[in-house]
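Analysis of the macromolecular model
Take a look at the letters that make up each chain.
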Amino acid sequence: MANTAGPDVATPEQLSVVDRIVAEFSTLRGALIPMLQQVQEEIGYLPPVIMERIAERSGVPPARIFGVASFYSQFRFEPVGRHIIRVCEGTACHVQGAVDVVEAVCDELGVAEGGTTEDGKFTVETVACLGCCSLAPVIMIDEDTFGRLTPEQARDIVRNYGTAGDEGGAKA
Amino acid sequence: MPDQSTSSRVTVGLSSCGVAAGAAQVYEAFRREFDERGLSTPLRRTGCIGMCYREPLVDVDTEGLGRVTYGGVTEEQVARIVQEHIVGGKPVEEFAVRMEGKRLPDEAYYDRQVRLVLRNAGLIDPESIDEYIEAGGYEGLTKALTEMTPEEIVDTMKASGLRGRGGAGFPSGVKWDLARQQPGDVKYVIVNADEGDPGAFMDRSVLEGDPHSVLEGLTIAAYAIGAAEGYIYARAEYPLAVRRLKMAIADSEERGFLGMDILGSGFSFRVKVKEGAGAFVCGEETALIASVEGKRGMPRLRPPFPAAKGLWAKPTNINNVETYANVPWIITNGAAAYAAYGTETSKGTKVFALTGKIVRGGLVEVPMGISLRDVIFEVGGGIPDGRKFKAVQLGGPSGGCVPEEHIDIKIDYESVTKTGAIMGSGGMVVMDDRTCMVDIARFFLQFTQDESCGKCTFCRVGTKRMLEILDRITSGEGREGDIERLEELGQQIVSSSLCGLGQSAPNPVLTTIRYFRDEYEAHIHEKRCPALTCKPLLTYEIDPDKCIGCTLCVRACPVGAVSGERKGPHVIDTELCTKCDACRKACKFEAVIVS
Ligand SMILES: Cc1cc2nc3c(=O)[nH]c(=O)nc-3n(C[C@H](O)[C@H](O)[C@H](O)COP(=O)(O)O)c2cc1C
Ligand code: SF4
Ligand code: SF4
Ligand code: FES
Ligand code: FES
């Protein structure tokens, strides 16, 4: 991820990434969403300069690009942390105390839901159902899932994540 | 004793939930153990085996012994399973949850299940088209293309009685017929795999565990309708399902089940996967179509229905994942065999994600017509920790809570609707006496409020007003007349919203008011949460008679709210207390009282 430049300027590498992706998708029908997904996948997020470049290269009006991007929650306009923590707030997790887990994770890291820690290590997102309701409440850090959590365990996990050799997998 | 190492086969459940419980490490442990011992026992992977509450799950099939399922398997147990069962030929019964030829207690989980949609789930390797074919896969498609006309397929679907499993329950055969009879050469078929209910994972498990079954059903639909192109619209958060689908598409193209001139029938069909971008409303069919076209996923007024005017304004058939997964079974086994299950108006089976306060939670498939009680108490084993059943939530944010007085109803579309809930797509969340019904209503409304696309004023603003009232009630500031205000707003939103999201958003609130009005009243009039869930309404105190002054609570409290002399009774400063519950959990003498 080359998300070092601020939202006002894009690096030449980022611009060439955009140009390549636009060229790849431009002939397909209904390609705007997959195109934005691919750009976000490679650049990490969609700052205004990047969306303007997409508009310029694809000929799609900027208003339409902003409109579509802002409609879908998958698209981010801010850079994200190195690790993404996804705390499940689905029904099964809610019933098993997810609210306290969200609170514990945010409190431990000193961020609000959707926020990124100052050191850029974590972004905390909430999601609806990670598909392992039987292990509720559940959090996921990048590809690792942790289940049957108490708020205290959730704190420990985020505190120690990436410091020791944690392989992931729930110690359920 | 004979060496059983090659007469056994080991299968590890590697669906999302298995992996979350540590199944990947268990798989690796088997690999290592086999390598170290030089065993050539086949090691396979599969999708959801079904007993999600017992993950990680491992099946060992042995010639002469049959199938043994081990549950809650840890890396440490692997060596013993290999030594005693695979090498020694004697299953490790203490780790087993299911054994062919012997009835273990967990067998009750399967007694009432009928697995048609889940016919292959947990048995085959979802990444192997050969295993799918060996299990009877693509027989339905072959029969459809070589022995049946499109009309005959539509008639079979109608006769089967299959109704859409995405929530609304529209008869699938009728829908196919509508699309088939539309004029024009260009038509489309779409799989709705947007699975939006935030507490359900049926479609994900089918896609992860048996992707070919959905592809096969889709291809049969395309042939019946006359579509040459299909789309699978999958939820953004389902990377594994998307990967397996793409693999399944490539494999079936290579084998000639997809692509040009399928099985020499002259029929050609191509499929593409579209990944959603995170918007619940895109599960609604017209919004989904807008999204596939690359637009904002806003619903539009129907009619025209997609069958007449769908994707790129062409006739389009759209069905849910589970609906399509039923199709090959119906074509292969016939409509009558399918219609033999279920009730007068609701045929076949339904898959549910049984979760919440339940002993045996997981993915279950039961015949329509079974009672809710049987699913919860027989299949699911009832409520854990000796607690009392309170309600079961069906249909997620569009559905409602069914209380104890109605749990003897039969599961079919009409009976469930009569309770105020809906069949929905299959979320079934069980709640006990510690679940606050006002909080649950607030939870769902928060969800729909966030997800409203904003097109209709009542859906956008009305849900916000309702949420404000619920926030007020759950934080102890409920006012006289709030219940009536909720009911009134709810009715208005139902009657003036364009799509199902708005029309059903008030359901969770309206059903909980209908059945649990006293709980709302306790919050409003007595500022009390009977289930002890709504924090602003709780107070923490220490019972001086029970407290022995062990100081455990003092150490547990993150904000220093507990004080007291060692060996003397402790007290909680209610001003400082954040109601985190840590002291209550820490106390070994149940001296911390919440009220
Ligand atoms: C807000 C909303 C969300 C929906 N989400 C889904 C969904 O996630 N999956 C689904 O199959 N149908 C969903 N539906 C229903 C679809 O509009 C449509 O009825 C269904 O895909 C038809 O397929 P079926 O006849 O096989 O059920 C949703 C409807 C609404 C109003
Ligand atoms: S009812 Fe709500 S979600 Fe549906 S179209 Fe209207 S505003 Fe959008
Ligand atoms: S509930 Fe939490 S904050 Fe309140 S006294 Fe107990 S430990 Fe302290
Ligand atoms: S509700 Fe959290 S994993 Fe399903
Ligand atoms: S057994 Fe794991 S998803 Fe069901």
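Note that this is a predicted model, so its numbers are computed, not measured.

Moving on, we come to the overall build of chain B. Scanning chain B from terminus to terminus reveals 23 helices and 18 strands. On C-alpha atoms alone, chain B measures out to a radius of gyration of 27 Å, which is about the 25 Å that the 2.2 N^0.38 rule sets for 595 residues. With respect to the three principal axes, the spread of C-alpha positions in chain B is 85 × 70 × 40 Å. Each of the 595 residues in chain B was classed as buried or not, and the buried ones make up 62%. At a minimum sequence separation of 6, the contacts of chain B that also span at least 24 residues come to 70%. Per element, the accessible surface of chain B, about 22400 Å² overall, is 50% carbon and sulfur. Taking the average place of the 70 positive charges on the side chains of chain B and the average place of its 83 negative ones, the gap between the two points comes to 3 Å.

Looking only at helices and strands, chain A features seven helices and four strands. Reading the helices (α) and strands (β) of chain A from amino to carboxyl end gives α-α-α-α-β-α-α-β-β-β-α. With respect to the three principal axes, the spread of C-alpha positions in chain A is 50 × 30 × 25 Å. Within chain A, contacts between residues separated by at least 24 positions form 61% of all contacts whose residues are at least 6 apart in sequence. A gap of 6 Å separates the mean positions of the 13 positive and 25 negative side-chain charges of chain A.

As a further point, take the sheet that holds strand β8 (residues 270-275) of chain B. Residues and elements named next belong to chain B. An order of β8-β7-β6-β9 is seen for the four strands of this open sheet, with the pairing classed as parallel. Across the chains shown, the open sheet's two edge strands, defined by having one partner strand only, are β8 and β9 (316-320). Between one strand axis and the next, the sheet turns through 20° on average, direction left out of account. Here helix α11 (residues 239-254) sits on the sheet and contacts β7 (229-234) and β8; the angle it forms with β8, its principal contact strand, is near 165°.

Moving on, we come to the site of ligand 3. Lining the immediate environment of ligand 3, one finds 13 residues, of which C557, C577, T578, C580 and C583 of chain B sit closest. Looking at the shell around ligand 3 residue by residue, the class counts come to ten nonpolar, one polar and two charged.

What follows is about the nonpolar core. Of all hydrophobic cores here, the largest spans 82 residues; its most connected members are I153, W176, V189 and F269 of chain B. Of all the elements, helix α10 (residues 211-225) of chain B adds the most residues to this core, at nine residues. Not counting the four nearest positions on each side in its chain, W176 of chain B is found in contact with I153, V154, M157, G217, I220, A221, A224, I225, N317, N319, Y324 and V327 of chain B. Formed by 47 residues, the second largest nonpolar core is a distinct cluster that contains M35 and V39 of chain A together with C282 and L288 of chain B.

As a further point, take the pairing of strand β10 (residues 349-356) of chain B. Residues and elements named next belong to chain B. Of all the eight residues making up β10, eight are buried; the element is thus mostly covered by neighbouring parts of the structure. Connecting β10 to the next strand, strand β11 (residues 362-367), in antiparallel fashion are five residues. For β10 and strand β14 (residues 427-432), the ladder comprises four bridges, and the chain directions are parallel. When the sheet's bridge partners are listed, G356 is paired in β14 with V430.

All names here are of chain B. Where helix α7 (residues 150-160) meets helix α8 (residues 172-181), the axes come as close as 7 Å, and the angle between the chain directions of the two elements is 155°. Looking at the two axes, α7 sits roughly antiparallel to α8. Facing P150, E151, I153, V154, M157 and K158 of α7, the residues of α8 in contact are G173, V174, W176, D177 and R180. Across the contact of α7 with α8, the residue classes tally to six nonpolar, one polar and four charged.

What follows deals with the site of ligand 2. Taken together, 13 residues lie near ligand 2, and C453, K455, C456, C459 and C499 of chain B sit nearest. Within the shell around ligand 2, the residues separate by chemical class into eight nonpolar, four polar and one charged.

There is a patch of nonpolar side chains on the surface, built from F170, V174 and L178 of chain B and spanning about 240 Å² of accessible area. Along the polypeptide, V174 of chain B turns up in helix α8.

Taken together, the contact between chain B and chain A spans 52 residues of the former and 41 residues of the latter. Carbon and sulfur atoms supply 55% of the area buried between chain B and chain A, which totals about 3400 Å² over both sides. For the side of chain B that touches chain A, the elements supplying multiple residues, two or more each, are α1 (16-20), β8, α12 (285-292), β10, β14 and α17 (437-451) of chain B. Broken down by element, the residue count for the side of chain B that touches chain A peaks at five residues, all from α17 of chain B. By residue class, the composition of the side of chain B that touches chain A is 26 nonpolar, 13 polar and 13 charged.

Right, let's talk about the pattern of salt bridges for a bit. Inspection of the entire model under this criterion finds 56 salt bridges over all chains. E107 of chain B is paired through a salt bridge with R98 of chain B; the nearest N and O atoms lie 2.9 Å apart. Between K357 of chain B and D432 of chain B there is a salt bridge, with the nearest N and O atoms lying 3.3 Å from each other. Of the two residues, K357 of chain B is situated in the loop between β10 and β11 and D432 of chain B in strand β14; the sequence distance between them amounts to 75 residues. Neither residue differs from the other here; K357 of chain B and D432 of chain B are each classed as buried. Taken together, the shared-partner salt bridges in this structure form one network comprising D107, E108, R155, D156 and R159 of chain A.

Scanning the model with the defined rule gives 15 aromatic pairs over all chains in all. A ring pair is formed by F280 of chain B and F447 of chain B, whose centres lie 5.0 Å apart and whose planes are at 70°; its orientation type is edge-to-face. Remark: F447 of chain B occurs in helix α17 and F280 of chain B occurs in the loop between β8 and α12; sequence separation between them is 167 residues. F280 of chain B sits in the buried class, given a relative accessible area of 19%. The buried category is assigned to F447 of chain B, whose relative accessible area is 13%. Put simply, the rings of F71, Y72 and F75 of chain A pair up and form one aromatic cluster. One cation-aromatic arrangement involves K350 of chain B over F352 of chain B; the distance from NZ or CZ to the ring centre is 5.7 Å.

A few words now on the pairing of strand β6 (residues 188-193) of chain B. In the case of a regular strand, side chains alternate between the two sheet surfaces. Residues and elements named next belong to chain B. The buried count for β6 comes to six of six residues, which makes it a mostly enclosed element. By the alternation rule, side chains of β6 split into Y188, I190 and N192 and V189, V191 and A193, which are all buried. Across six bridges, β6 lies against β7 in parallel orientation. Following the sheet pairing, V191 is matched in β7 by I232. Note that β6 and β9 share five bridges and pair parallel.

What counts, and at which threshold
Residues numbered from 1 in each chain as written. Chains lettered and ligands numbered in written order. Predicted model: local features only at pLDDT ≥ 70, side-chain atom pairs only at ≥ 80, totals over all residues. Heavy atoms only, no water. Helix = DSSP H or I, 4+ residues; strand = E, 2+ residues; numbered from the N terminus. Rg over C-alpha atoms; globule rule 2.2 N^0.38 Å. Buried < 20%, exposed > 50% of the residue type's maximum accessible area, 1.4 Å probe, protein only. Contact = heavy atoms within 4.5 Å. Areas by Shrake-Rupley, 256 points an atom, 1.4 Å probe, with all protein chains shown as cover. Lys, Arg positive; Asp, Glu negative; His and termini not counted. Charge placed at Lys NZ, Arg CZ, Asp CG, Glu CD. Pairing = 2+ DSSP bridges. Axes fitted to C-alpha atoms, helices over the stretch in contact; angles between N-to-C directions. Near = heavy atom within 4 Å. Nonpolar A, V, L, I, M, F, W, Y, C, P; charged D, E, K, R; others polar. Core = buried A, V, L, I, M, F, W, Y, C linked by side-chain atoms within 4.5 Å. Parallel < 35°, antiparallel > 145°, perpendicular 65-115°, else oblique. Patch = residues over 30% accessible without salt bridge, like charges linked within 9 Å, V, L, I, M, F, W, Y side chains within 5 Å. Salt bridge = Lys/Arg side-chain N within 4 Å of Asp/Glu carboxyl O. Buried area = accessible area lost by both parts, 1.4 Å probe. Phe/Tyr/Trp six-rings, centres within 6.5 Å; stacked < 30°, edge-to-face > 60°. Lys NZ or Arg CZ within 6 Å of the ring centre and 35° of its normal.

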